[in-house]
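What the coordinates show
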Amino acid sequence: RRVFKIVTIVVEELAVRLLKEKKLKITPKRILVLNALLKNTSKAYSFSELLNHLTGKMNRSTIYRSLDTLLENDLITKMIDTNGDIIYTLNFEEKCEHKLHPHLKCDQCGVLECLPAFPQSYANILQQLGVDKLNILLGGICFNCLEKNEND
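Quick look at the structure, then. What you see is a predicted model; the values in this text were computed from it and never measured.

Conventions used here
- Residues numbered from 1 in each chain as written.
- Predicted model: local features only at pLDDT ≥ 70, side-chain atom pairs only at ≥ 80, totals over all residues.
- Heavy atoms only, no water.
- Salt bridge = Lys/Arg side-chain N within 4 Å of Asp/Glu carboxyl O.
- Helix = DSSP H or I, 4+ residues; strand = E, 2+ residues; numbered from the N terminus.
- Buried < 20%, exposed > 50% of the residue type's maximum accessible area, 1.4 Å probe, protein only.

Across all of its chains, the model carries 2 salt bridges by this definition. A salt bridge links Glu 21 to Arg 17; the shortest N-O distance between them is 3.6 Å. Taken as a pair, Glu 21 and Arg 17 lie in helix H1 (residues 2–21) at a separation of 4 residues, close to a single helical turn. Accessibility expressed as a relative area gives 51% for Glu 21, which makes it exposed. When its relative accessible area of 42% is taken as the criterion, Arg 17 is described as partly exposed. In this structure, the salt-bridge partner of Asp 81 is Lys 105, at a minimum N-O distance of 2.7 Å. You can see Asp 81 sitting in the loop between strand S2 (76–80) and strand S3 (86–90) and its partner Lys 105 sitting in strand S4 (residues 103–106), a full 24 residues away along the chain. Using a relative accessible area of 7% as the deciding quantity, one classes Asp 81 as buried.

Encoded structure:
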């Protein structure tokens, strides 16, 4: 229990730090939404998953407003999942080395992995066109699950 409490405190401190960096008002609701996304930073969450996690702590419209604020301030990214659902993930610069690259969502474990960046010539064209965000999500099997499947 003590370790869980320490982890919870560290996650909340990170949520507060992220809000401060973007000069956003630090509210309990925004912290709760960020905490839910910080639960596993290598996954993306649908609205229904966030709603289930936050049931009893806030209502649907408050979650939507919090997500909109976090999106507008580039703290999170919104993508269309391979099944058509909208999913949300943290937008750490440390998490993604390059802005213009696709992602893979593992069909087995749900992990979101960065794929290699586009060739520089392609990235240059995208930048000339003013593209500063690229959300391409592919479905498949991550390297960890491939390795596990081979060992089974």
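There's plenty left to go through after this.
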